[in-house]
Amino acid sequence: MIRNTFKLVSNIAVRPAFSSTFVRQPIVASSMMMRNYGSISEKEITDRVIDVVSKYDKVAGKSVQPTTTFKELGLDSLDSADILVAVEEEFGIEIPDEEADKITSCAETISYLRKTPTAK
């Protein structure tokens, strides 16, 4: 029984997937495919990141701009991790640890989110 089943499966697997008359069509990227961040505008991403950073307790009263680094705000690596967790929750994503280690400013956070198609 197993041997007959294997023969049947192997016969199916060896058959060509396309007939000889199949013509491949080129794939044309639409403008939606080329945008990296779906329906969220860059301004909205920027505003939301600045809002998340501004609400962090250790940043209260400090001016936060898109170019502000976490170090300029007096934040250490644990504070940066807390902010990135808040950003993950805000945008409904998960930032891999390797990427999170590279993010040290609002601009880098915004840039990462622009490249993340699942950000909401």
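Below or above, wherever it landed, is the structure these notes cover. (Residues numbered from 1 in each chain as written. Predicted model: local features only at pLDDT ≥ 70, side-chain atom pairs only at ≥ 80, totals over all residues. Heavy atoms only, no water.)

## Examining the packing of aromatic side chains
Right, on to step 1. What the rule picks out here adds up to 0 aromatic pairs.
Right, on to step 2. A cation over a ring is seen here: Arg-48 above Phe-91, with NZ or CZ 4.1 Å from the ring centre. (Phe/Tyr/Trp six-rings, centres within 6.5 Å; stacked < 30°, edge-to-face > 60°. Lys NZ or Arg CZ within 6 Å of the ring centre and 35° of its normal.)

## Description of the packing of helix H3 (residues 42-54) against helix H6 (residues 106-114)
Right, on to step 1. Between H3 and H6, the shortest axis-to-axis distance is 10 Å and the interhelical angle comes to 135°. Judged by the inter-axis angle, H3 sits oblique to H6. For the pair H3 and H6, the sense of crossing is right-handed. Each of Glu-42, Ile-45, Thr-46, Val-49 and Val-53 in H3 lies in contact with H6, whose residues at this interface are Cys-106, Thr-109, Ile-110, Leu-113 and Arg-114.
Right, on to step 2. Residue composition of the contact of H3 with H6, by class: 6 nonpolar, 2 polar and 2 charged. (Axes fitted to C-alpha atoms, helices over the stretch in contact; angles between N-to-C directions. Helix = DSSP H or I, 4+ residues; strand = E, 2+ residues; numbered from the N terminus. Parallel < 35°, antiparallel > 145°, perpendicular 65-115°, else oblique. Left-handed = near helix turned anticlockwise from the far one by under 90°. Contact = heavy atoms within 4.5 Å. Nonpolar A, V, L, I, M, F, W, Y, C, P; charged D, E, K, R; others polar.)

## Overview of the nonpolar core
Right, on to step 1. The biggest cluster of nonpolar side chains holds 24 residues, and the ones touching the most others in it are Val-49, Val-53, Phe-91 and Leu-113.
Right, on to step 2. Where this core is concerned, the elements lending two or more residues are H3, helix H4 (77-91) and H6.
Right, on to step 3. Aside from chain neighbours lying at most four places away, what touches Val-49 is Phe-91, Cys-106, Thr-109, Ile-110 and Leu-113. (Core = buried A, V, L, I, M, F, W, Y, C linked by side-chain atoms within 4.5 Å. Buried < 20%, exposed > 50% of the residue type's maximum accessible area, 1.4 Å probe, protein only.)

## Details of the pattern of salt bridges
Right, on to step 1. Summed over the entire model, instances satisfying the criterion amount to 7 salt bridges.
Right, on to step 2. Here Asp-47 and Lys-43 are joined by a salt bridge, their closest N and O atoms 2.9 Å apart. You can see Asp-47 and its partner Lys-43 sitting in helix H3, 4 residues apart, about one turn around the helix.
Right, on to step 3. By relative accessible area, Asp-47 is classed as partly exposed at 40%.
Right, on to step 4. Between Arg-48 and Glu-90 there is a salt bridge whose closest N-O contact spans 2.9 Å. Placement of Arg-48 in helix H3 and of Glu-90 in helix H4 is noted, with a sequence separation of 42 residues between them.
Right, on to step 5. Glu-90 sits in the partly exposed class, given a relative accessible area of 36%.
Right, on to step 6. Salt bridges sharing partners connect three or more residues here, namely Glu-44, Arg-48 and Glu-90. (Salt bridge = Lys/Arg side-chain N within 4 Å of Asp/Glu carboxyl O.)

## Digging into the environment of Thr-68
Right, on to step 1. With respect to the helices and strands, Thr-68 occurs in the loop between H3 and H4.
Right, on to step 2. Along the chain, Thr-68 and Ser-105 lie 37 residues apart, while their C-alpha atoms are 5.9 Å from each other.
Right, on to step 3. Other than its neighbours up to four places away in sequence, Thr-68 contacts Ser-63, Leu-73, Ser-105 and Cys-106.
Right, on to step 4. A distance of 2.8 Å separates a polar atom in the side chain of Thr-68 from the backbone nitrogen of Gln-65. (Polar contact = N/O pair within 3.5 Å; in protein donor to acceptor, adjacent residues only side chain to side chain.)

## So, H6
Helical periodicity: at 3.6 residues per turn, an α-helix aligns residues three or four positions apart in one direction.
Right, on to step 1. Here H6 has its buried residues at Cys-106, Thr-109, Ile-110, Tyr-112 and Leu-113. Each buried residue of H6 lies within a common arc of 160° when the element is viewed along its axis, so the set occupies one face.
Right, on to step 2. In this structure, the buried residues of H6 make contact with H3, H4 and helix H5 (97-100).
Right, on to step 3. Measuring from the backbone nitrogen of Ala-107 back to the side-chain oxygen at the start of H6 gives 3.5 Å, which picks out Ser-105 as the cap. (Arc of directions from axis to C-beta.)

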